[in-house]
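Here is how the chains run, residue by residue.
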Amino acid sequence: MTATYPVDMALTPDVKAFFDPATWTISYVVKDPASNACAVVDSVMDIDYAAGRISYESADEIIAYVRDNNLSVEWLLETHVHADHLSAAPYLQDKLGGKIGIGENITIVQDVFGKVFNEGTEFQRDGSQFDRLFKDGDTYTVGEMTCFTMHTPGHTPACMTHTMGNATFTGDTLFMPDGGSARADFPGGDAATLYDSIQKVLSLPDDMRLFMCHDYGPNGRAIAWETTVGDEKAHNIHVGGDKTKADFVKFREERDAQLDMPRLIIPSLQVNMRAGELPPADQDGKTFLKVPVNGL
């Protein structure tokens with residue numbers, strides 16, 4: 001599997017993690033070891049949902065780190081259309097530059113949720129809100145470092161895993177070994193497809209570093225976000241050891257049927273399918289988010 005991807009385990013990028021406790025999300029600044037170029041992965045825009053108030057404390061931490069270390073942002077990467085937090089990519093782009101990238105199947109997500117949220121024809125469903133739509137096996141550079149993408153659907157149709165040297169960012173395709181995997185019951189999700197995507201990630205070298213998008217501290221342990229392919233293969237509670245695809249699908253479908261919708265799914269989808277932009281303001285300059293009744 002890895003022969004089709006330009007894996008370079010000799011490159012060790014610097015990875016700085018930022019944990020957002022309100023959404024259990026980990027964002028990353030990933031620096032090319034040979035230059036000051038970097039990428040930002042899965043940034044967070046803060047929202048007080050009850051008050052309808054947007055703020056940028058989490059993103060401002062990233063901005064401060066980038067500026068304090070004289071880094072140059074080349075990419076603002078979204079591993080998928082998140083359903084549990086809002087992206088701060090446009091805010092970071094305005095402050096730091098960089099191109100916003102996501103998987104090409106964003107168009108599927110936009111089509112599905114454009115209907116759910118009753119968006120008009122002015123809402124483009126072609127992914128044009130993003131600067132780059134990645135396909136499986138695409139390469140791009142961060143400074144002198146060649147990076148590549150793997151299409152890893154199952155949680156959502158547009159999920160992409162990004163590998164930069166010996167560091168891979170899995171989005172929601174995998175959690176830490178004691179966390180298992182993400183749900184697969186959103187529109188366009190599929191447990192069998194997710195299993196295949198996980199195996200694709202686990203075909204990378206055993207000492208590949210894996211970085212998670214979320215961690216929930218199962219059983220009260222401290223929040224963690226870095227593991228390895230080898231550790232996941234041996235110990236992941238959903239796919240590790242001798243667990244079969246049939247085992248995984250049975251567990252995942254039964255578990256997903258018991259899960260509530262994420263707390264921020266309604267604002268998150270409306271914003272993230274627009275590359276982090278809020279819906280357009282009305283004629284009075286006011287911005288609104290819709291709540292589809294019985295729509296999710």
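Residues numbered from 1 in each chain as written. Predicted model: local features only at pLDDT ≥ 70, side-chain atom pairs only at ≥ 80, totals over all residues. Heavy atoms only, no water.

Looking at the packing of helix H1 (residues 57-68) against helix H2 (residues 89-96)
- H2 packs onto H1 with a crossing angle of 30° between their chain directions and a minimal axis gap of 10 Å. Considering their axes alone, H1 and H2 lie roughly parallel with respect to each other. Along this stretch, H1 crosses H2, giving a crossing that reads as right-handed. Packed against H1, whose contacting residues are Ala 59, Asp 60, Ile 62, Ile 63, Val 66 and Arg 67, the element H2 presents Tyr 91, Leu 92, Lys 95 and Leu 96 at the interface.
- Tallied by class, the residues present in the contact of H1 with H2 amount to 7 nonpolar, no polar and 3 charged. (Axes fitted to C-alpha atoms, helices over the stretch in contact; angles between N-to-C directions. Helix = DSSP H or I, 4+ residues; strand = E, 2+ residues; numbered from the N terminus. Parallel < 35°, antiparallel > 145°, perpendicular 65-115°, else oblique. Left-handed = near helix turned anticlockwise from the far one by under 90°. Contact = heavy atoms within 4.5 Å. Nonpolar A, V, L, I, M, F, W, Y, C, P; charged D, E, K, R; others polar.)

Some points on the packing of aromatic side chains
- With the rule as written, the count across this model stands at 14 aromatic pairs.
- With a centroid separation of 5.5 Å and an interplanar angle of 70°, the aromatic rings of Tyr 28 and Phe 211 are classed as edge-to-face. Of this pair, Tyr 28 sits in strand S2 (residues 25-31) while Phe 211 is found in strand S13 (residues 209-211), placing the two residues 183 residues apart along the sequence. With respect to class, Tyr 28 is no different from Phe 211; both count as buried.
- An aromatic cluster of three or more residues is present, and its members are Phe 19, Trp 24, Phe 175 and Tyr 216.
- Over the aromatic face of Phe 18 sits the side chain of Lys 16, whose NZ or CZ is 5.7 Å from the ring centroid. (Phe/Tyr/Trp six-rings, centres within 6.5 Å; stacked < 30°, edge-to-face > 60°. Buried < 20%, exposed > 50% of the residue type's maximum accessible area, 1.4 Å probe, protein only. Lys NZ or Arg CZ within 6 Å of the ring centre and 35° of its normal.)

Let's talk about the nonpolar core
- Core analysis: the largest hydrophobic core is formed by 37 residues, its most contacted members being Val 29 and Leu 92.
- Elements with a minimum of two residues in this core: strand S3 (37-41), H1, strand S6 (72-77), H2, strand S7 (99-103), helix H3 (106-116) and helix H7 (265-272).
- When residues no more than four places from it in sequence are discounted, the contact partners of Val 29 are Asp 14, Val 15, Lys 16, Phe 18, Cys 38, Ala 39, Val 40, Ile 62, Tyr 65, Val 66 and Leu 71. (Core = buried A, V, L, I, M, F, W, Y, C linked by side-chain atoms within 4.5 Å.)

Notes on H1
- Between its first and last C-alpha, H1 extends 16 Å over 12 residues, near the 16 Å set by a 1.5 Å rise per residue.
- When we look at burial in H1, the residues that qualify are Ser 58, Ala 59, Ile 62, Ile 63 and Val 66. The buried residues of H1 all sit within an arc of 140° when viewed along its axis, so they share a single face. Facing away from the buried side of H1 by over 90 degrees, the exposed positions are Arg 67 and Asp 68.
- Among the structural elements, strand S1 (14-20), S2, S3, strand S4 (46-48), S6 and H2 are those in contact with the buried residues of H1.
- Just beyond H1, the residue with positive phi is Asn 70, at close to 55°. (Expected span 1.5 Å × (residues − 1). Arc of directions from axis to C-beta.)

Concerning the sheet that holds S6
- The sheet built from 6 strands is open, its strands ordered S1-S2-S3-S6-S7-S8 with mixed pairing. The outermost strands of the open sheet, each flanked by one partner alone, are S1 and strand S8 (132-134). Each strand of the sheet is rotated relative to its neighbour by a mean of 25°, with strand direction disregarded.
- Where S1 and S2 come together, 7 bridges link them in antiparallel fashion. (Pairing = 2+ DSSP bridges.)

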